[in-house]
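What follows is the residue order along each chain.
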Amino acid sequence: MKNYFRVMLGDHSGEALNGGFIGADYGIAEDFSKLRPEDWRHFNSTIFIPKFLAVYPNKTKIAAGLAGGFVWHIAFGIKNGDIVLCQDDSGKFHAGEVNGDFYYKPGHVLPHRRPVRWFEQTFDRADMSDELKRSIASGAVVSLPSYRDEMERLIGNAAGPRLISTDETVEDPSAFAMEKHLEEFLVQNWTQTDLGKSYDIFELEGEQVGQQYPSDTGPIDILAISKDKKQLLVVELKKGRASDNVVGQILRYMGYVQEELAEEGQTVTGAIIALEDDQRIRRALAMVQNIHFYRYQVSFKLVKA
């Protein structure tokens, strides 16, 4: 099945769009094309992160993991036939189909590359739904499974946007839709929440990169860090999924963060957020000390002008 991604090309968007490729460059002069797609953990922990930190000794393991995740997506996460969305220097958005395997081109900009057949049609940010605008606002690479229909409309192949989920674990599509909106609202209003009093969504050089943070088992909804930098927080929204899937998923994410990203002395905790109370989640978390369960409430008020 075809998937959709927003990929950030930075200052080299012109070269990439004219040259027919997407790419990454973090100063790591090594060809990764001989690796296998299933080697994410080995790649990050034993190859990329040590090399990245050697080049940038003042960076954190979280920053290194984010960079490694971007390179891995370019090399293996994005498949042939997937659609990528990129922005040029003028602010216009271009879409294209990835049509070849990863290759390394040393001595050139963005040397870790995938070939792309760019479509002729371009579009503006104003053409996108507010949800899609927020989803592509941060992160070097962002998976866009919820915006399949809208992406097809933007590139001229369908009639209109619709928020859907391709996740087979989703039991309640209406809850998925609402809680997808919740993710964006939560990020935008983080400082006003109880979690925001103790944690900040992880930032890198002033850019918020903790939303949809990549891991070897999928993107983490929100990765945050305590204000004293001693604790990492993994936030997972239920999004209509079966309770067992949500608990299992957040445990896998927390394991990844503990093993691959946490610095010495840092601990990892988790938070599951859902629209309704869930006895099955409460039962499962009764045996886990470092994951907390939150419900959210939605209020609506009309004020006469």
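The rules behind these values
- Residues numbered from 1 in each chain as written.
- Predicted model: local features only at pLDDT ≥ 70, side-chain atom pairs only at ≥ 80, totals over all residues.
- Heavy atoms only, no water.
- Helix = DSSP H or I, 4+ residues; strand = E, 2+ residues; numbered from the N terminus.
- Buried < 20%, exposed > 50% of the residue type's maximum accessible area, 1.4 Å probe, protein only.
- Areas by Shrake-Rupley, 256 points an atom, 1.4 Å probe, with all protein chains shown as cover.
- Phe/Tyr/Trp six-rings, centres within 6.5 Å; stacked < 30°, edge-to-face > 60°.
- Lys NZ or Arg CZ within 6 Å of the ring centre and 35° of its normal.
- Expected span 1.5 Å × (residues − 1).
- Salt bridge = Lys/Arg side-chain N within 4 Å of Asp/Glu carboxyl O.
- Contact = heavy atoms within 4.5 Å.
- Axes fitted to C-alpha atoms, helices over the stretch in contact; angles between N-to-C directions.
- Parallel < 35°, antiparallel > 145°, perpendicular 65-115°, else oblique.
- Nonpolar A, V, L, I, M, F, W, Y, C, P; charged D, E, K, R; others polar.
- Pairing = 2+ DSSP bridges.
- pLDDT = per-residue confidence, 0-100.

J.: Explanation requested: the overall build of the protein chain in the structure shown.
T.: From N to C terminus, the protein chain includes nine helices and 15 strands. Counting every position in the protein chain, which comprises 305 residues, the buried fraction comes to 50%. Total accessible area computed for the protein chain in this model is approximately 15,100 Å², and 49% of it derives from carbon and sulfur atoms.

J.: Honestly, the packing of aromatic side chains in this entry has me stumped. Any pointers?
T.: Two numbers describe a pair of aromatic rings. These are the distance of the centres and the angle of the planes. On inspection of all chains with the given rule, the structure shows 12 aromatic pairs. For the pair Phe-32 and Phe-43, a centre-to-centre distance of 5.0 Å together with 90 degrees between the ring planes defines the contact as edge-to-face. Of the two residues, Phe-32 sits in the loop between β2 (21–24) and α2 (40–55) while Phe-43 sits in helix α2, which places them 11 residues apart along the sequence. With a relative accessible area of 1%, Phe-43 lands in the buried category. In this structure, Arg-113 is placed above the aromatic ring of Phe-21, and the distance from its NZ or CZ to the ring centre is 3.7 Å.

J.: What is the right way to look at helix α8 (residues 243–261) in this model?
T.: Since the α-helix turns once every 3.6 residues, residues separated by three or four places project in the same direction. Here α8 contains 19 residues, and its C-alpha end-to-end distance of 26 Å stays within 8% of the 27 Å for a straight helix at 1.5 Å per residue. When α8 is considered as a whole, its buried residues turn out to be Ser-243, Val-246, Val-247, Gly-248, Gln-249, Ile-250, Tyr-253, Met-254, Tyr-256, Val-257, Glu-260 and Leu-261.

J.: Can you walk me through the pattern of salt bridges in this structure?
T.: Oppositely charged side chains can pair when the atoms bearing their charge come close. Taken as a whole and judged by the stated rule, the model has nine salt bridges. Across the salt bridge formed by Glu-150 and Arg-153, the nearest N and O atoms sit 3.7 Å from each other. Placement of both Glu-150 and Arg-153 in helix α5 (residues 148–154) is noted, with a separation of three residues, approximately one turn of the helix. The buried category is assigned to Glu-150, whose relative accessible area is 2%. Given the relative accessible area of 26%, Arg-153 is considered partly exposed. Put simply, Asp-194 and Lys-197 hold a salt bridge, and the shortest N to O gap is 3.4 Å. Taken as a pair, Asp-194 and Lys-197 lie in helix α7 (residues 194–198) at a separation of three residues, close to a single helical turn.

J.: What exactly am I supposed to notice about the environment of Tyr-256 here?
T.: Relative to the helices and strands, Tyr-256 resides in helix α8. Note on Tyr-256: relative accessible area 0%, which makes it buried. Distance in space between the C-alpha atoms of Tyr-256 and Asp-216 is 7.5 Å, their sequence separation being 40 residues. Those residues in contact with Tyr-256 that sit more than four places away from it in its chain are Trp-40, Asn-44, Tyr-213, Pro-214, Ser-215, Asp-216 and Leu-261.

J.: When you look at the packing of helix α3 (residues 61–77) against α8 in this model, what are you seeing that I'm missing?
T.: Between two packed helices, the angle of one axis relative to the other and the distance separating the axes together describe the packing. Here α3 crosses α8 at 110 degrees, and the two axes come no closer than 9 Å. Here α3 lies roughly perpendicular to α8, going by the angle between them. Contact residues: Lys-61, Ile-62 and Gly-65 in α3; Glu-259, Glu-260 and Leu-261 in α8. Class assignment of the residues belonging to the contact of α3 with α8 gives a composition of two nonpolar, one polar and three charged.

J.: For this particular structure, what's the right way to read the pairing of strand β3 (residues 83–87)?
T.: Each regular strand shows side chains that alternate between the opposite faces of the sheet. In terms of burial, β3 is a largely internal element, four of the five residues being buried. As defined by bridge partners, strand β1 (residues 4–7) adjoins β3 across three bridges and the pair is classed as parallel. In the sheet register, Phe-5 faces β3, and the bridge partner there is Val-84. Adjacent in sequence and paired antiparallel, β3 and strand β4 (residues 93–98) are bridged by five residues, among which Gly-91 carries a positive phi angle near 100 degrees.

J.: Teacher, can you tell me more about unusual backbone geometry here?
T.: Leave glycine aside and you will find that most residues have negative phi; peptide bonds, for their part, are mostly trans. Not every positive phi belongs to a glycine, and Leu-110 is a case in point at roughly 45 degrees. Within the secondary structure, Leu-110 is located in the loop between β5 (103–104) and β6 (112–123). What makes Leu-110 buried here is its relative accessible area of 7%. In this model, Gln-212 sits at a positive phi of 55 degrees, which is unusual for a non-glycine residue. Along the polypeptide, Gln-212 turns up in strand β11 (residues 211–213).

J.: Any chance you could explain the side chain of Glu-260 here in plain terms?
T.: By the secondary structure assignment, Glu-260 is in helix α8. When sequence neighbours within four positions are dropped, the list of residues in contact with Glu-260 reads Arg-41, Ser-45, Ile-49 and Lys-61.

J.: In this structure, what is going on with the confidence of the model for the protein chain? I would like to understand it.
T.: Detailed reading of predicted coordinates is not advised where the pLDDT is low. Averaged over the protein chain, the pLDDT score is 85; the fraction of residues at 70 or greater is 89%. Note that residues 158–176 has pLDDT below 50 and, in this model, 45 contacts with residues that lie over four places away or in other chains.

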